Amino acid sequence: MRLGLFGGTFNPIHLGHLRAAVEVREAFNLDRLLLIPSANPPHKRADRVANPEDRLEMVRLAIRGEPTLEACDVELARSGLSYTIETLRYFQDRFGPGPGNAVFFIVGQDAFSEITTWKSYEALFVTAQFIVMTRPGSKPHALEDFIHTRICAEYQYDSTSNRYNHPRLCTICCLNITHLDISATRIREWIKQGRSVRFIVPDAVQDFIHDKGLYR
Ligand code: ATP
């Protein structure tokens, strides 16, 4: 089982997330790709984040009819702040060991560049492989410098596979994705201003936001 875990606040989920998920799943031949809304994101102000049940529901609505993607409530089932290390350990215990198994944590380069602020970040690199989604044209040296100075200088880049290998730590894979210039922050701002977010979020998500009066 090749399992991809795509965590995020998804406040709300948008087409940038969804397109990225589809491209990662295809490129890495994943058997399952789980979209995992963070219940209590440690880095976001709680008063600006829709409640976790609504964000999970929007993920469910967004992927309806797309059988290769799944919504996952594992972080809603835990209390306290949502730490990625706990989620990775949970899945590593269940799906990590065994021939042909691999657990990948999927993250955009912008979020990855803040990873040293995450709880027990060193442990993340002994728990799961990473897929860092890069933008075509983004500076590869910035990522390489970051990995070498902030994570471990022993990571070695392999240009054939576009990944960083390490003698003991988990591999960090890179993938250039079609980066749609969309952010949840901008979506929330537009909704507050009464502007349409059609064709930026799936229609069902737009309807849900409207019906629930979110982000006004
Ligand atoms: P916000 O604007 O509220 O910070 P966001 O749109 O960046 O939100 P998050 O839920 O914080 O979305 O991001 C979850 C993950 O999705 C992160 O790894 C982030 O790098 C990635 N991501 C965010 N926007 C895009 C996008 N347009 N295309 C691809 N990946 C994205």
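Refer to the structure printed above.
Since this is a predicted model, take the numbers as computed values, not measurements. (Residues numbered from 1 in each chain as written. Predicted model: local features only at pLDDT ≥ 70, side-chain atom pairs only at ≥ 80, totals over all residues. Heavy atoms only, no water.)

Asker: How should the pattern of salt bridges be read in this particular structure?
Answerer: Two side chains carrying opposite charge are able to pair once their charged atoms lie near each other. Tallying each qualifying case throughout the model produces ten salt bridges. Residues Arg19 and Glu23 are paired through a salt bridge, measuring 2.7 Å at the closest nitrogen-oxygen approach. Of this pair, Arg19 and Glu23 both sit in helix α1 (residues 15-27), four residues apart, which is roughly one turn of that helix. Where Arg32 meets Glu70, a salt bridge forms, and the shortest distance between an N and an O atom there is 2.8 Å. Highlighted residues: Arg32 in strand β2 (residues 32-37) and Glu70 in strand β3 (residues 69-71), separated in sequence by 38 residues. (Salt bridge = Lys/Arg side-chain N within 4 Å of Asp/Glu carboxyl O. Helix = DSSP H or I, 4+ residues; strand = E, 2+ residues; numbered from the N terminus.)

Asker: For this particular structure, what's the right way to read the packing of aromatic side chains?
Answerer: In this description, a pair of aromatic rings is defined by centroid distance and the angle of the planes. Counting across every chain of the model gives eleven aromatic pairs. Ring centres of Phe112 and Phe146 lie 5.7 Å apart, and the angle between their planes is 70°; on these two criteria the pair is classed as edge-to-face. Pair noted here: Phe112 is in helix α4 (residues 109-112) and Phe146 is in helix α6 (residues 140-151), with a separation of 34 residues, a long-range link. The burial state of Phe112 is the same as that of Phe146; both residues are buried. Members of the aromatic cluster, each reached through a chain of ring pairs, are Phe105, Phe112, Trp118, Phe125, Phe130 and Phe146. (Phe/Tyr/Trp six-rings, centres within 6.5 Å; stacked < 30°, edge-to-face > 60°. Buried < 20%, exposed > 50% of the residue type's maximum accessible area, 1.4 Å probe, protein only.)

Asker: Hey, could you run me through helix α2 (residues 52-63) in this one?
Answerer: Owing to its 3.6 residues per turn, the α-helix aligns residues three or four sequence positions apart on the same side. With twelve residues, α2 should cover 16 Å at 1.5 Å per step; its first-to-last C-alpha distance of 17 Å lies within 8% of that length. For α2, the buried fraction is high: nine of the twelve residues fall into the buried class. The elements touched by buried residues of α2 are α1, β2, β3 and α8 (203-212). The backbone nitrogen of Glu53 lies 3.1 Å from a side-chain oxygen of the residue at the head of α2, namely Asn51. Trailing α2 by a residue or two, Gly65 shows a phi angle of about 85°, which is positive. (Expected span 1.5 Å × (residues − 1). Contact = heavy atoms within 4.5 Å. Polar contact = N/O pair within 3.5 Å; in protein donor to acceptor, adjacent residues only side chain to side chain.)

Asker: Sorry if this is basic, but what is going on with the site of the ligand here?
Answerer: Taken together, 23 residues form the shell around the ligand, and within it Lys44, Asp110, Leu180, Ala184 and Thr185 come nearest. Take His17: an N or O atom from its side chain is 2.9 Å from an oxygen atom of the ligand. Contact with the protein chains removes 89% of the 600 Å² of surface that the ligand exposes when unbound. Every element with two or more residues in the shell around the ligand is listed here: β1 (2-8), α1, β4 (102-108), α4 and α7 (184-192). Across the shell around the ligand, the residue classes break down as ten nonpolar, ten polar and three charged. (Near = heavy atom within 4 Å. Areas by Shrake-Rupley, 256 points an atom, 1.4 Å probe, with all protein chains shown as cover. Nonpolar A, V, L, I, M, F, W, Y, C, P; charged D, E, K, R; others polar.)

Asker: Just to check I follow, could you spell out the environment of Glu75 for this structure?
Answerer: Tracing the sequence through the fold places Glu75 in the loop between β3 and α3 (84-95). Sequence separation between Glu75 and Pro136 is 61 residues, and the spatial gap between their C-alpha atoms is 31 Å. Discounting residues that sit within four places of it in the chain, Glu75 has contacts with Ile36, Pro37, Ser38, Ala39, Ser82, Tyr83 and Thr87. At 2.5 Å, the side chain of Glu75 forms a polar contact with the side chain of Thr87.

Asker: Got a minute to help me understand the pairing of β1 in this structure?
Answerer: Regular strands have side chains that alternate between both faces of the sheet. The pairing of β1 with β4 spans five bridges and is parallel. By the bridge assignment, Phe6 is partnered in β4 with Ile106. Two strands pair when backbone bridges link them, and β1 and β2 are joined in this way by six bridges, in the parallel orientation. By the bridge assignment for β2, Gly8 is matched with Pro37. For the segment spanning β1, α1 and β2, crossover handedness is right-handed. (Pairing = 2+ DSSP bridges. Right-handed = clockwise from strand over helix to strand, strands pointing away.)

Any functional reading would require information that these geometric values do not contain.
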